[in-house]
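Structure assessment
Now for the letters of each chain:
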Amino acid sequence: MPAILVLAGVAMTHATPPRQPMAQIALAQEAPKVDGRGDDPAWLHTVAIQDFQTLGAHAPAEASTTVRFAYDARYLYLFARCEEPLLKVAMQRTHEVRMAAREQDANVFNDDSLLIIFRLPERDENYELAVNPLGTVADARSTGNSLWTGRDFAWNSGAKVIATIHDGYWEVEMAIPWSSFPGGMPSVGDTWEVVLARVARGREEFSSWNPSGMAGLHTPEGCGKLVFGEIGRAH
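Residues numbered from 1 in each chain as written. Predicted model: local features only at pLDDT ≥ 70, side-chain atom pairs only at ≥ 80, totals over all residues. Heavy atoms only, no water.

1. Regarding the overall build of the chain
Scanning the chain for helices and strands turns up zero helices and twelve strands. Going from the N terminus to the C terminus, the chain shows its helices and strands as β-β-β-β-β-β-β-β-β-β-β-β. Expressed as a percentage of its 235 residues, the buried residues of the chain come to 52%. Counting contacts in the chain only where the partners sit at least 6 residues apart, residues at least 24 apart contribute 63% of the total. Carbon and sulfur atoms make up 51% of the accessible area of the chain, which amounts to about 10700 Å² in all. (Helix = DSSP H or I, 4+ residues; strand = E, 2+ residues; numbered from the N terminus. Buried < 20%, exposed > 50% of the residue type's maximum accessible area, 1.4 Å probe, protein only. Contact = heavy atoms within 4.5 Å. Areas by Shrake-Rupley, 256 points an atom, 1.4 Å probe, with all protein chains shown as cover.)

2. Focus: the pairing of strand β12 (residues 224-231)
Counting buried residues in β12 gives six out of eight residues, a clear majority hidden from the surface. Summarising the sheet, strand β1 (residues 22-27) and β12 pair through five bridges and their orientation is parallel. Its bridge partner lying in β12, isoleucine 25 is registered against phenylalanine 228. (Pairing = 2+ DSSP bridges.)

3. A short note on the packing of aromatic side chains
Applying the stated criterion to the full structure yields 15 aromatic pairs. Between the aromatic rings of tyrosine 75 and tyrosine 77, the centroid separation amounts to 5.8 Å while the plane-to-plane angle is 50°, which identifies the pairing as tilted. Judged by relative accessible area, which is 11%, tyrosine 75 ranks as buried. Note on phenylalanine 118 and tryptophan 192: the rings are 5.7 Å apart at their centroids and 65° apart in plane angle, and the pair reads as edge-to-face. (Phe/Tyr/Trp six-rings, centres within 6.5 Å; stacked < 30°, edge-to-face > 60°.)

4. Topic: the pattern of salt bridges
Side-chain pairs of opposite charge can arise whenever the charged atoms involved come near each other. Tallied over the full model, the rule gives twelve salt bridges. As a salt-bridge pair, arginine 81 and glutamate 83 come within 2.6 Å of each other at their nearest N and O atoms. Residue classification places glutamate 83 among the partly exposed positions, given a relative accessible area of 24%. A salt bridge links glutamate 193 to lysine 225; the nearest nitrogen and oxygen atoms lie 4.0 Å apart. Of this pair, glutamate 193 sits in strand β10 (residues 191-200) while lysine 225 is found in strand β12, placing the two residues 32 residues apart along the sequence. The residues glutamate 193 and lysine 225 share a single accessibility class, namely buried. One salt-bridge network, in which partners are shared between bridges, spans Glu62, Glu84, Arg198, Arg203 and Glu205. (Salt bridge = Lys/Arg side-chain N within 4 Å of Asp/Glu carboxyl O.)

5. Examining the environment of tyrosine 75
Along the polypeptide, tyrosine 75 turns up in strand β4 (residues 75-83). When the C-alpha atoms of tyrosine 75 and tryptophan 178 are compared, they prove to be 5.5 Å apart, with 103 residues separating the residues in sequence. The contacts of tyrosine 75, once residues within four sequence positions are left out, are Ala70, Lys160, Ala175, Ile176, Pro177 and Trp178. Reaching out from tyrosine 75, the side chain makes a polar contact with the side chain of lysine 160 at a distance of 3.2 Å. (Polar contact = N/O pair within 3.5 Å; in protein donor to acceptor, adjacent residues only side chain to side chain.)

6. Comments concerning the confidence of the model for the chain
In this model, the chain carries a mean pLDDT of 88, and residues with pLDDT of at least 70 account for 89%. Below a pLDDT of 50 lies the segment residues 1-15, which in the model reaches 30 contacts outside its immediate sequence neighbourhood of four places, other chains included. (pLDDT = per-residue confidence, 0-100.)

7. Here we look at empty space enclosed by the protein
Using the criterion set out here, one finds one cavity of 30 Å³ or more in the structure. Counted as a void, the largest cavity has a volume near 30 Å³. By residue number, the principal contributor to the lining of the largest cavity is β1, which donates three residues. (1 Å grid on protein atoms, 1.4 Å probe; cavity = no way out; pocket = protein on both sides within 12 Å on 5 of 7 lines; lining within 4 Å. Points joined across faces, edges and corners; volume = space filled by probe spheres on them.)

8. Brief notes about the layout of surface pockets
In this structure, the largest pocket occupies an estimated 170 Å³ of space. In terms of lining, the largest pocket is formed by Gln50, Asp51, Phe52, Gln53, His58, Pro60, Ala61, Ala63, Ser64 and Thr65.

9. Description of the pairing of strand β7 (residues 137-143)
The buried fraction of β7 is high, at five of seven residues. For strand β6 (residues 125-131) and β7, the ladder comprises seven bridges, and the chain directions are antiparallel. Bridging across to β7, glutamate 128 finds its partner in alanine 140. Connecting the antiparallel pair β6 and β7 is a turn made up of five residues, with glycine 135 showing a positive phi of about 90°.

10. Some points on unusual backbone geometry
The phi dihedral of aspartate 51 is positive, around 55°, even though this residue is not glycine. Examined against the element boundaries, aspartate 51 turns out to sit in the loop between β1 and β2 (53-54). The phi angle at aspartate 105 is positive, at roughly 65°, despite the residue not being glycine. Positionally, aspartate 105 belongs in the loop between β4 and β5 (113-120). By relative accessible area, aspartate 105 is classed as partly exposed at 28%.

Written out as structure tokens, the structure reads:
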């Protein structure tokens, strides 16, 4: 089954429920090497999740974010590219990109970072990973709708994470073992809800794939959906 494209959002009114963007995750024939480069053939068979919108305004983000997922019997894989104007060497403003956290479960959310929250409604559980351009990870578990105040940092995702910084963008690649999630690997056709968000502290821009209001990224207006598919094909 070929990977399908991300569904477009619709204009929101008070009478319209929040959009729920959707993407399919391809089953990888060959596991990508987690090296922060994202040049493995496995990524050619994946959906490019884009169209991040700013917090509250629902306008296109100034700097684009692209996230890709894949999976196999052992891991859930993620590769993301975060465009960042402040990282352009010619601008001489790289020092404005915040990346202070260097230890696991430090305050990564106060840095420029990528936020991923997997929501498992049937278990009423949430699993969060936040990563900065240095590859520092803060991971936590929560229940219900307490995505911020209810976070338990004792949960460890066991993720392999490599981040790289370039002229004008930063990238991150990770592999999260299924053993970190209750129930292990989902079946083909299963759906997880997800919050995908980007924090650009240096420019004070907050954006997400799923709709988020002024209440914050941890209080989403709605979640995106990830559908676990069969072996992906290039498209």
